[in-house]
Amino acid sequence: MAVTISIGSGKGGTGKTTLLCNLALLLAKKGKKVCLVDLDIGGADTHLLFGLFEPKYSLTDFLNKKFDSLSEVAHTFYSFHGLQIIPGTGSTLQTANMSYQEKQRLLRAISALDVDVVLLDVGAGTSYHTLDFFMYSDIQICVTMPEPTSIMDLFGFLQLATIRKVLSSFLSSSEVGKILKKNSFPTLKDVFDLAEQTQEGAKEKAQQALLFFHPLLVINRDVDNARLNKVKLKQLVAKYLGIDIPLLGNIPEDPAIKDALRAYMPVCELSSKAPSAQAMGVIADKTEKLIELFNKKSGNSTQ
Ligand SMILES: Nc1ncnc2c1ncn2[C@@H]1O[C@H](COP(=O)(O)OP(=O)(O)OP(=O)(O)O)[C@@H](O)[C@H]1O
Ligand SMILES: [Mg+2]
């Protein structure tokens, strides 16, 4: 079964798509069978970064039930190491208000993809779809820029993602589930407190839902003085969310990224020696190791 990796951030424009496209390409170059799924409903643009302007099919054709499997709407880039992508869909009322059943059908189709790695671009923001697609994955990457506003947006995103994860860990038919469903929570602590008030021991169960949630942090457009903000973010999530966010990498501000965008090619392919490409190379090496570790732990044998 494929290992799924999702990428998210609170704020838009932090560099998620840039990183994901390059990561997909680098993993494909390493010999992995990779499929990139563009779930950024309304802001789908991954295909453009590879110079594909008019995809024959897109996620819309799957959502409209024109096809039963996602592989039928995938586009293979033979010139980019056989990388596959599922081009995204524009925002329609149908996609923006995807029902529970439709979302489950999509997630089942993602897990049925016959590849080694699936990368999900979930887009920006904190809609339920975005949070659910982000949390669905085996490995999560979150991207922020070093400015305090971007850091705080990411903290807000992670707080809502953890709340959503904890809420969905209680069956809606259970006593705690029913009570939690009726309320809205500004912080994770409020969820824990109400769960415990409703049923003794529920807080511990809620905390367990986050046991394996260790989103990996990438600081993009990094500058030298960003260390303090990084430390602050790690402290905030440890204190208020009880989770650790290990650093996956730093990508410097680099004009080569814009040049690559204009050439409709990932920077790692166009200018592999550029500082941003080198930094993403390090991120890809680390990610490859994490994928292998995940496969070993879960008894997957995709190699
Ligand atoms: N390290 C960098 N140096 C210079 N420019 C960058 C860097 N990273 C990203 N950019 C530029 O920033 C812009 C936003 O990047 P990108 O589209 O990858 O962000 P995003 O998080 O996917 O945005 P959205 O939330 O809208 O989907 C793009 O124009 C991209 O070329
Ligand atoms: Mg994007």
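Criteria and cut-off values
Residues numbered from 1 in each chain as written. Chains lettered and ligands numbered in written order. Predicted model: local features only at pLDDT ≥ 70, side-chain atom pairs only at ≥ 80, totals over all residues. Heavy atoms only, no water. Helix = DSSP H or I, 4+ residues; strand = E, 2+ residues; numbered from the N terminus. Contact = heavy atoms within 4.5 Å. Phe/Tyr/Trp six-rings, centres within 6.5 Å; stacked < 30°, edge-to-face > 60°. Lys NZ or Arg CZ within 6 Å of the ring centre and 35° of its normal. Pairing = 2+ DSSP bridges. Axes fitted to C-alpha atoms, helices over the stretch in contact; angles between N-to-C directions. Near = heavy atom within 4 Å. Polar contact = N/O pair within 3.5 Å; in protein donor to acceptor, adjacent residues only side chain to side chain. Areas by Shrake-Rupley, 256 points an atom, 1.4 Å probe, with all protein chains shown as cover. Nonpolar A, V, L, I, M, F, W, Y, C, P; charged D, E, K, R; others polar.

Chemist: I'd love a proper account of the environment of leucine 167, names of residues and values included.
Modeler: Here leucine 167 is to be found in helix H7 (residues 148–169). Leucine 167 has contacts with Leu180, Phe185 and Val191, leaving out every residue within four places of it along the chain.

Chemist: Got a sec to walk through the packing of aromatic side chains? Specific residues and values, please.
Modeler: Here the structure, examined in full by the defined rule, presents 7 aromatic pairs. Aromatic rings pair up to connect Phe50, Phe77 and Phe80 into one cluster. We note arginine 105 situated over the ring of phenylalanine 62; from NZ or CZ to the ring centre the distance is 3.9 Å. Seen from the ring of tyrosine 128, arginine 164 lies directly overhead, with NZ or CZ sitting 3.9 Å from the centre.

Chemist: Quick one: what's the story with the sheet that holds strand S6 (residues 139–144), residue by residue and with numbers?
Modeler: Within the open sheet, the 8 strands sit side by side as S3-S4-S2-S5-S1-S6-S7-S8. Their pairing is mixed. The open sheet has two edge strands, strand S3 (75–77) and strand S8 (247–252), and neither has a second partner. In this sheet, adjacent strand axes meet at a mean angle of 20° when their direction is disregarded. Looking at chain direction, strand S2 (residues 34–38) and strand S5 (residues 117–124) are connected through 5 bridges and run parallel. Bridge pairing in S5 links valine 34 to valine 117.

Chemist: So what's going on with the site of ligand 1? Which residues, and what values?
Modeler: Around ligand 1, the surrounding shell holds 17 residues, and the nearest of these are Gly13, Lys16, Thr17, Thr18 and Asn220. Here threonine 18 contributes a side-chain N or O atom positioned 2.5 Å from an oxygen atom of ligand 1. Interatomic distance of 3.4 Å between a side-chain N/O atom of aspartate 40 and an oxygen atom of ligand 1. When ligand 1 is considered free in solution it has 640 Å² of accessible area, and contact with the protein chains removes 83% of it. Elements supplying a minimum of two residues to the shell around ligand 1: helix H1 (16–29), strand S7 (216–222) and helix H12 (255–262). Looking at the shell around ligand 1 residue by residue, the class counts come to 4 nonpolar, 7 polar and 6 charged.

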